[in-house]
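# Fold and geometry: a report
Each chain is listed here by its residues.
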Amino acid sequence: MERGGAVVRRARRRAPEGAQREDGESDAKKRGGPRRRALPEAPSAALVLLYLLALRALVQLSHRRLLGPPGHAAPRDFSALRARGYLDNLTAIGPRTVGSPANEVLAVNYLLEQIRAIERESTDAHKVSVDIQRPTGSFSIDFLGGFTSYYANITNVVVKLEPRNGAEHAVLSNCHFDSVPNTPGASDDAVSCAVMLEILNTLSKSPEPLQHAVIFLFNGAEENILQASHGFITQHEWAKSIRAFINLEAAGVGGKELVFQTGPENPWLVQAYVVAAKHPFASVVAQEIFQSGIIPADTDFRIYRDFGHVPGIDLAFIENGYIYHTKYDTSDRILTDSIQRAGDNILAVLKYLATSDKLAKSFEYRHGNVVFFDILGLFVLAYPARVGTIMNYITAAIAFLYLSKKVLQPKTRAVQNLKTLFTALGLTLISWVCTLVTVLIVAVFVSIIGRSLSWYSHFYVSVFLYGTAAAAKLILVHMLAKKFFYKNMNEQCLGDNFFDASLMIWSVALAVLTQMGLCSAFICTLWVVFPLLAKLMTHKEFSQKGTTLKFVMMYMLGVFVPYLYMMYLSWTVFEMFTPIMGRSGTEILPDVVLAGLIVVITMILSSYLINFIYLVKSTKTTLITLTTVFVVTLILVCSGIFFPYSSDAANPKPKRVFLQHTSRRFHDLDGNVVKSDSGIWINGFDYNGISHITPHVPEINDTIRTPCEEQAPFCGLPWILPVHFMFRKNWYLPAPEIFPRSPIRFNLLSKELMPWNSVRLNFEVSGPSHMSLYVRPHEGSALSTWSLGDGTPVASVGGDYFVFYSHGLQATPWHFWVELTAPEKHSDGMVSLAIAAHYFFGEDQKSPQLSALLERFPNWTFSSGWSCTYDLFVF
């Protein structure tokens, strides 16, 4: 089988069966040249290292560059300084928890004040309308395993900017001004609201009228799992005119805003972003990762898509997710350039959509998905997915044709050539499996000895620990194969074989991912097209002179594009996933997740470098160097020198801990309290639990692990959200009973017999702004329907039912009913129903004991605390 020019082999040295190349021998005899020497290890390894470092430098530069070259700025373009003023004033209010005066009064009044000022200065070309909406509603969602949400009298501030004579169609821009408890919420999502205020200001001062209306929704209850957006899109009269939306979100603090969801379908929206955005940053890979459910998060995009049936674009800041949803999310950490960048992009896209003929006829452009990705933030490539499918299959077919041609030359050696190719393919896959298993064993070991997340504040540690281990294992497997299995085969033929094996892997992956309908298959296309072109480009140099430094440089230049894009994409993935490991729960081993990611990236980046292991004379020095770095790093990690968390004022990376001072009461069927207790319930948000906190607060240790109350739904614990499956390890420190000044009132109003052996229980509840309802039908009973959501109960993970309730100011008591079926009367009742009341603000938020405990936590933690009560009833 011809492999880029055969090389002379010594007649006396016979290669093992499967490695002989008759055509190669005949070509060599014609040339009569001696066997070429293999490339020395040192220069080739140095060249590959410099190549990868150069790629990394380019990627780092592209990620740090927030703004492109100065454009032709119009006199009334977006002002980041004015937007920063809005941001500073909004965050100065403090935490804006739903139901609190800060959120429902102060934030709303500030927004209205700014909107009225903008309205007074708007030109005659526009009409500005403002509405305060306070909706009440309910819906079910499959987020976090599935639960039902109920909201009452929450707040939306809605502004419509339209031409003087009105507009039939509109584009929506959405942000939320509420924040999670105990955090200022600058990036999530006050900065987006500040950007929207300035965009409203800019557009309203334009002398040119818009073709369509722009609706600005400042929603006041997103952190309560998307309630305000549901209230708007399902109940507000302006919602009917919306044909597309842009949702502004955050998963980090500042940096670039990433387009990570579009559609569904409606490729014209992506094209609008491609044409209009001044500083594009978008990835269909991020979209498919996010929509897979791997990341435990969701945005208002889901509500507009699923309940409003409106297509849109979802953007989020992703940098520095370590301080997302913490007290460190302050306005001073958001660069003015980040605000300018977001403002430039969103203003341009909104203006484009509001003047587009396609918006009015969006249903005509609905069909088809789109492949989109940016190139180093310079521009975006986008094309219809159906075009991508054709391109992918053609690319895979060309690659398979190329491989088939090589296998069939000469035809007399076809079977042997095929065997040689599949041997190389098998060895490549074996090396990947061995590498993955080895590195994961190291990750599990590190987790078991209590050194998990050692890289959380020092990302380079993960590269030195798991990256070097992966690279060393790959090299070791192939070095052994070269030494023992391919003992007498020449290096050029071996290099050729393993290039073809990698090409086959990527071609098969391309065909499979395309068949699965994944738009991310374009990555495989890059890894087929450019290496194949590089191989053809270097064929002459390789066939005439063998492995030379010139050949290596030409080859590396040829594969520059896929390597550069893969490192660019990897940087984005690690920037998103690494901080998430600090809030992924106690059940997931973060070292295993990160080690797995590093191995996958290593395998991808090494796929077309494996052949160099066979082309160079020796890889012993490289292997020894990598192994030494790995061993030294492992010893340092085991010694505990790398502390996971950081209190550095400039760049904090805190450990997240939630503490709830809880009083629990368990009632029997007659309403008597059969058990009660009180304590501070503690949840650490990462795999390390409280192991690092115990030395600072000795009474918080594993002797106070929380027992599960098996007879109660959700183990009898006051979960604010149904995340029990993510936090199975938690702690319960005994503490005095709490007596909220505004206690919860839970009453059974009536019990009605219904047809078909059903019983309807009617309840009334009044309490704080946040409450959680937990329902567990007893054995033999079933929850058939209720007055919540669409009437069909949605069970959470484990089979219990969870309802998240919140209200704004001046909400009436919550009335609801549940209907159960039971074939016969049960002496122990039909259903256990529990209610938890959460006090996130005000005089009931923190007890003296809770406040004293929080003050003892080390400064490298973000400890968020509140009080709550829990009552279980049997009916």
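The text that follows walks through the structure, step by step, so that each part is easy to find. Everything numeric in this text was worked out from a predicted model, so none of it was measured.

There is about 780 Å³ of room inside the second largest pocket. Taken together, 24 residues make up the lining of the second largest pocket; nearest its centre are V285, I523, M566, V600 and I604. Of all the secondary structure elements, the ones that give two or more residues to the lining of the second largest pocket are α8 (284–291), α15 (491–515), α16 (522–537), α19 (560–580) and α20 (590–606). For the lining of the second largest pocket, the residue count by class is 20 nonpolar, three polar and one charged.

Pairing is mixed across the open sheet formed by nine strands, whose spatial order is β2-β3-β19-β17-β21-β22-β12-β13-β14. Single-partner strands in this sheet number two, and they are β2 (137–141) and β14 (731–734). On average, adjacent strands in this sheet sit at an angle of 25° to one another, irrespective of strand direction. In the packing of helix α6 (residues 227–235) onto the sheet, the strands contacted are β2, β3 (147–152) and β19 (801–807), and the crossing angle to β3 comes to about 75°.

Attention shifts here to the nonpolar core. In this structure, F216, F218, Y466 and F522 are the most contacted members of the largest nonpolar core, which totals 191 residues. Counting residues per element, this core draws most heavily on α19, which supplies 12 residues. Not counting the four nearest positions on each side in its chain, Y466 is found in contact with V439, V442, A443, V446, W455, D591, A595 and I598. Counting 51 residues, the second-largest nonpolar core is a separate cluster that includes L217, L226, A228 and L872.

Here we take up the packing of helix α13 (residues 414–448) against helix α14 (residues 459–485). Where α13 contacts α14, the two axes come as close as 9 Å, and the packing angle between them is 145°. For α13 against α14, the interelement crossing comes out right-handed. Between α13 and α14, the residues in contact are T423, L427, T428, S431, W432, C434, T435, T438, V439, V442, A443 and V446 and L465, Y466, A469, A470, K473, L474, V477, H478, A481 and F485, respectively. Looking at side-chain class alone, the contact of α13 with α14 contains 15 nonpolar, six polar and one charged residues.

Scanning the entire structure with this criterion turns up 23 salt bridges. The partner of R341 in a salt bridge is E257, and the shortest N-O contact between them spans 3.2 Å. Residue R341 is found in helix α10 (residues 336–354), and its partner E257 is found in strand β8 (residues 257–263); the two are separated by 84 residues along the sequence. When the shortest N-O distance is used, the salt bridge between R741 and D844 registers 3.4 Å. Taken together, the residues R741 in the loop between β14 and β15 (745–754) and D844 in the loop between β21 (831–839) and α23 (848–855) connect sequence positions 103 residues apart. Since its relative accessible area comes to 11%, D844 is described here as buried.

Strand order in the open sheet formed by seven strands is β1-β4-β6-β5-β7-β9-β8, and the pairing between neighbours is mixed. Two strands lie at the open edges of the sheet, namely β1 (126–133) and β8, each paired on one side alone. Pairs of neighbouring strands in the sheet enclose a mean axial angle of 15°, with direction left out of account. Pairing of strand β4 (residues 156–163) with strand β6 (residues 213–219) involves six bridges; the strand directions are antiparallel.

The rules behind the values
Residues numbered from 1 in each chain as written. Predicted model: local features only at pLDDT ≥ 70, side-chain atom pairs only at ≥ 80, totals over all residues. Heavy atoms only, no water. 1 Å grid on protein atoms, 1.4 Å probe; cavity = no way out; pocket = protein on both sides within 12 Å on 5 of 7 lines; lining within 4 Å. Points joined across faces, edges and corners; volume = space filled by probe spheres on them. Helix = DSSP H or I, 4+ residues; strand = E, 2+ residues; numbered from the N terminus. Nonpolar A, V, L, I, M, F, W, Y, C, P; charged D, E, K, R; others polar. Pairing = 2+ DSSP bridges. Axes fitted to C-alpha atoms, helices over the stretch in contact; angles between N-to-C directions. Contact = heavy atoms within 4.5 Å. Core = buried A, V, L, I, M, F, W, Y, C linked by side-chain atoms within 4.5 Å. Buried < 20%, exposed > 50% of the residue type's maximum accessible area, 1.4 Å probe, protein only. Left-handed = near helix turned anticlockwise from the far one by under 90°. Salt bridge = Lys/Arg side-chain N within 4 Å of Asp/Glu carboxyl O.

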